[in-house]
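Coordinates in review
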Amino acid sequence: MNEDPRILELRKMREKAKLGGGQERIEDQHKKGKLTARERISYLVDPGTFNELEPFITHQGDEMGIASQKFPGDGVVTGYGQIEGRTIYIYAQDFTVYGGTLGEMQSRKICRVMDLAVRNGVPMIGLIDSGGARIQEGVKSLGGYAEIFRRNALYSGVIPQVSVMLGPCAGGAAYSPALTDLIIMVENHSFMFLTGPEVIKAVTGEIIDPESLGGTNVHMSITGTAHLATDTEL
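To keep things clear, this report deals only with the structure shown in the data block. Given the structure is predicted, the values throughout are model-derived calculations rather than measurements.

A closer look at the layout of surface pockets
- Looking at the largest pocket, its volume works out to about 400 Å³.
- Surrounding the largest pocket, 17 residues form its lining, Leu44, Leu127, Val164, Ile184 and Glu233 being those nearest its centre.
- Looking at the lining of the largest pocket, the elements with two or more residues in it are helix H3 (37-44), strand S4 (124-128), strand S5 (161-165) and strand S7 (182-186).
- A total of 3 residues in the lining of the largest pocket trace back to one element, the largest contributor, which is H3.
- When the residues that make up the lining of the largest pocket are grouped by side-chain class, the tally is 13 nonpolar, 2 polar and 2 charged.

Details of empty space enclosed by the protein
- In total, this model carries 4 cavities of 30 Å³ or more according to the counting rule given.
- By volume, the largest cavity is sized at about 90 Å³.
- Forming the boundary of the largest cavity are 14 residues, of which Tyr91, Asn152, Gln161, Ser163 and Thr180 lie nearest the centre.
- Looking at the lining of the largest cavity, the elements that each hand over two or more residues are S4, helix H5 (139-154), S5 and helix H6 (172-178).
- With 4 residues, the top contributor of residues to the lining of the largest cavity is S4.
- Its residues placed into classes, the lining of the largest cavity shows 8 nonpolar, 6 polar and no charged.

Digging into the packing of helix H4 (residues 104-120) against H5
- Relative to each other, H4 and H5 sit at 10°, their axes nearing to 8 Å. Relative to H5, the element H4 lies roughly parallel. Crossing geometry of H4 relative to H5 is assigned as left-handed. Along its contact with H4, which presents Glu104, Ser107, Ile110, Cys111, Met114 and Asp115, the element H5 presents Lys140, Gly144, Glu147, Ile148, Arg151 and Asn152.
- Among the residues making up the contact of H4 with H5, the classes are represented as 4 nonpolar, 3 polar and 5 charged.

Points about unusual backbone geometry
- Backbone geometry places Glu84, a non-glycine residue, at a positive phi of 50°.
- Within the secondary structure layout, Glu84 lies in the loop between strand S2 (76-83) and strand S3 (86-93).
- In the Ramachandran plot, Asn188 falls in the positive-phi region, its phi being about 70° despite a non-glycine side chain.
- By secondary structure assignment, the location of Asn188 is in the loop between S7 and strand S8 (191-193).

Considerations on the environment of Ser141
- Among the structural elements, Ser141 can be located in helix H5.
- A residue is classified by how much of its surface remains accessible, and Ser141, at 0% relative accessible area, is buried.
- Separated by 36 residues in the primary sequence, Ser141 and Met105 place their C-alpha atoms 8.8 Å from one another.
- Setting aside residues no more than four positions away along its own chain, Ser141 makes contact with Leu102, Gly103, Ala133 and Arg134.
- Side-chain polar atoms of Ser141 contact the backbone oxygen of Arg134, separated by 2.9 Å.

Digging into the nonpolar core
- Counting 26 residues, the largest nonpolar core has Tyr89, Tyr91, Ile110, Met124, Ile148 and Met165 as the members making the most contacts within it.
- Among the elements that take part in this core, H4 stands out by supplying 6 residues, more than any other.
- Of all hydrophobic cores here, the second largest spans 12 residues; its members include Val45, Ile88, Val164 and Val186.

Quick look at the side chain of Thr96
- With respect to the helices, strands and loops of the structure, Thr96 is situated in the loop between S3 and H4.
- A polar contact is formed between the side chain of Thr96 and the side chain of Asp94, at a distance of 2.6 Å.
- What Thr96 contacts, discounting residues up to four positions off in sequence, is Gly20, Gly21, Arg25, Ile26 and Gln29.

Considerations on the packing of aromatic side chains
- All told, the structure shown has 4 aromatic pairs when counted by the stated rule.
- Seen in terms of ring centroids, Phe71 and Tyr98 are 5.8 Å apart; in terms of plane orientation they differ by 80°. Their pairing is edge-to-face. Here the residue Phe71 occupies a position in the loop between strand S1 (51-53) and S2, and Tyr98 occupies one in the loop between S3 and H4, the gap between them amounting to 27 residues. The two residues Phe71 and Tyr98 agree in class, both being buried.

Parameters and conventions
Residues numbered from 1 in each chain as written. Predicted model: local features only at pLDDT ≥ 70, side-chain atom pairs only at ≥ 80, totals over all residues. Heavy atoms only, no water. 1 Å grid on protein atoms, 1.4 Å probe; cavity = no way out; pocket = protein on both sides within 12 Å on 5 of 7 lines; lining within 4 Å. Points joined across faces, edges and corners; volume = space filled by probe spheres on them. Helix = DSSP H or I, 4+ residues; strand = E, 2+ residues; numbered from the N terminus. Nonpolar A, V, L, I, M, F, W, Y, C, P; charged D, E, K, R; others polar. Axes fitted to C-alpha atoms, helices over the stretch in contact; angles between N-to-C directions. Parallel < 35°, antiparallel > 145°, perpendicular 65-115°, else oblique. Left-handed = near helix turned anticlockwise from the far one by under 90°. Contact = heavy atoms within 4.5 Å. Buried < 20%, exposed > 50% of the residue type's maximum accessible area, 1.4 Å probe, protein only. Polar contact = N/O pair within 3.5 Å; in protein donor to acceptor, adjacent residues only side chain to side chain. Core = buried A, V, L, I, M, F, W, Y, C linked by side-chain atoms within 4.5 Å. Phe/Tyr/Trp six-rings, centres within 6.5 Å; stacked < 30°, edge-to-face > 60°.

Bear in mind that shape data such as this cannot, by itself, settle questions of function.
Okay, here's the thing in structure tokens:
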């Protein structure tokens, strides 16, 4: 008996969503010694407990000619699962899709799991690997971050909020974690700064490397922003 074409199409869409920005970008991620968003979630949660939410969402509009580059999930994997038997909600930004940058629809996905975490009274975990606001979506990206910041503040003291920094995180990708309860960084892989070294060089003329600007040592010993550090992601 032939399967329903709609089921076959759904399976294709799921397989496409799992690839994020594509196999080539996944390989680039691995070459940097980094895992993909889905691999990170798989390592973190108990086997077989993760349930993904909204895997087929894509960015809206085409203000800067990016309609031809739509990726299911819009650069973030969201859902819920269990860690040692305890339910958690989680989102993991996918660096293979526009460098993990946050657009309007990605922010809506993140806000939804934050709201669900509060409704269910369980911890919220963010696996952050993002270049900040997606410039191609302009003010919509900034508005998306504003909604996340608002929830960070409102839910403080209501549920535990944990941020795991897993890449070069600039702008909003550093602001939001700074508002959460616990920040974990990976040495030589994760960075937190308002803007990157190249922008600083262009604007002020100062030459500085990412580690000195916002690496693990800076935030563990000088700013006090980070709470824990680890050698690797695993």
